[in-house]
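Next come the chains, spelled out residue by residue.
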Amino acid sequence: MLRKFIAFILFLVILVVFFLNAPRIVNSADLKILAQIENEKLNLFDKKFQLNSIIYWNRINKVTKVSSNYNFNDIFAENSIFYNGKDFLLSKEQNQFFVIDKKTEGKKYLADAEIALTSKDSNLFALVKKNGLEISFFQFVPLENRAIEIKKEVFSCFWTDYKITKNSFYFSLMNGNCYIFNPFELISSESVIKDSPFIYSISANSSSNNFIIISGFEPQKIYLLNKDGNILYQSQLNENYTSVYSYLLDNQMLIIKNPSSLLLYKIYWNKEKKLELLNNINIKGEILDLVEFYSYFVFICSDTKDFQLAVYDYKSKRFYKKNLREPIYQIEMIDSNGVFAVYNQDKLWILSLNQEL
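Residues numbered from 1 in each chain as written. Predicted model: local features only at pLDDT ≥ 70, side-chain atom pairs only at ≥ 80, totals over all residues. Heavy atoms only, no water.

Student: Would you mind showing me how to read the sheet that holds strand E23 (residues 253–257) here?
Tutor: By definition, the strands of a sheet pair up through backbone hydrogen bonds, in either a parallel or an antiparallel sense. The strand order across the open sheet formed by 4 strands is E22-E23-E24-E25, and the pairing between neighbours is antiparallel. Either end of the sheet is taken by a strand with one partner, and the two such strands are strand E22 (245–248) and strand E25 (274–282). Sheet twist, expressed as the average angle between the axes of neighbouring strands with direction ignored, equals 20°. Summarising the sheet, E23 and strand E24 (residues 261–268) pair through 5 bridges and their orientation is antiparallel. Bridge pairing links Ile 255 to Leu 264 in E24. (Pairing = 2+ DSSP bridges. Helix = DSSP H or I, 4+ residues; strand = E, 2+ residues; numbered from the N terminus. Axes fitted to C-alpha atoms, helices over the stretch in contact; angles between N-to-C directions.)

Here it is, written out as structure tokens:
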């Protein structure tokens, strides 16, 4: 009887310690639900909140445009898949791609292809042909309400990862090399990285043409490279992963997400080029989508069963997450004051994050 009592007390202590140390939203002031939209029915929780921007709610086979005063307008095409860019949408209907200007909602045929590669922060995008090797690069021009093909490339092998920024395309290739294309600075090259094995991930941002790759296995390394493919710095990871995601924030911090944890590094590109590990956070699953604000970033993480909305404040080095009852797949910034939307096929939530955490 005494053993059972001691075991019960020990269990309670472990449970309390777990909840005290588990990352979480501390109080309701940190994350506030402003509104919920189910299909196209609005439930406004904060009567003072006004929607002053447009949300493009990507619902796979249609896009619902949510504008001020919560007006709804469906952009629909039968048996279609939609891709989101900065000022445009792409609609794939069978093997045909159409470009849709967000401002005018005008729709024009573009090309036949298999898949599209887009970034919601860029007007650059690419279309991949069925063989996976031939890629056409495009730029959407808002003033002309059209997309123009700026280059066509046939890769020597398949690509393993890609990144599209506001001014450049980055591809890692199965032969261990990397391909860079910046149409604004007329940079186009395949960087030959000597003795480089399989590249798992590539990341870059719009501040320069430098980029980062994660490559190799036993040991697995992070490489900082310039536009010519010259290695500026390399660092060895403590563990090896067959699945890894990387994202370079605008403030030159690097996120590396492996199946079991999130690593946050500070990148130094100047005279003393190096990586500094700032934090190692235990969180399982993959990053599905991410947005960054001035002093923190917010992302959706899932292990296919559970979905979490996670926040990291990199000034206070504070991380917390909220387990969600329903799946969410994408996140969109509404304004830079901490208001954003998350959604799935049927529901959309508008949330506000307190910046004074």
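Student: Sorry if this is basic, but what is going on with the packing of aromatic side chains here?
Tutor: How two aromatic rings sit relative to each other is set out by the distance from centre to centre and by the angle between their planes. This model, assessed by the stated rule, comprises 23 aromatic pairs. Here the aromatic residues Phe 137, Phe 155, Trp 159, Tyr 162, Phe 169, Phe 171, Tyr 179 and Phe 181 are joined through ring pairs into a cluster of three or more. The ring of Phe 98 is capped by Lys 107, whose NZ or CZ atom sits 4.7 Å from the centre of that ring. The ring of Phe 181 has Lys 151 lying over it, and the distance from NZ or CZ to the ring centre is 5.7 Å. (Phe/Tyr/Trp six-rings, centres within 6.5 Å; stacked < 30°, edge-to-face > 60°. Lys NZ or Arg CZ within 6 Å of the ring centre and 35° of its normal.)

Student: Explain the side chain of Ser 302 to me, please; I cannot follow it from the model alone.
Tutor: In this fold, Ser 302 is placed in strand E27 (residues 296–302). Ser 302 sits in the buried class, given a relative accessible area of 7%. Within the structure, Ser 302 has its side chain in polar contact with the backbone nitrogen of Thr 304 (distance 3.0 Å). In this structure, Ser 302 is in contact with Gly 285, Glu 286, Leu 288 and Phe 307, ignoring residues within four places of it in sequence. (Buried < 20%, exposed > 50% of the residue type's maximum accessible area, 1.4 Å probe, protein only. Polar contact = N/O pair within 3.5 Å; in protein donor to acceptor, adjacent residues only side chain to side chain. Contact = heavy atoms within 4.5 Å.)

Student: It is not clear to me how the sheet that holds strand E5 (residues 71–76) should be interpreted in this structure. Could you clarify?
Tutor: Overall, antiparallel pairing links the 3 strands, which are arranged E3-E4-E5 in an open sheet. Among the strands making up the open sheet, the edge pair consists of strand E3 (55–58) and E5. Along the sheet, successive strands turn relative to each other by an average axial angle of 25°, direction set aside. In this sheet, strand E4 (residues 62–67) lies alongside E3 in antiparallel orientation, the contact comprising 4 bridges. When the sheet's bridge partners are listed, Tyr 56 is paired in E4 with Lys 65.

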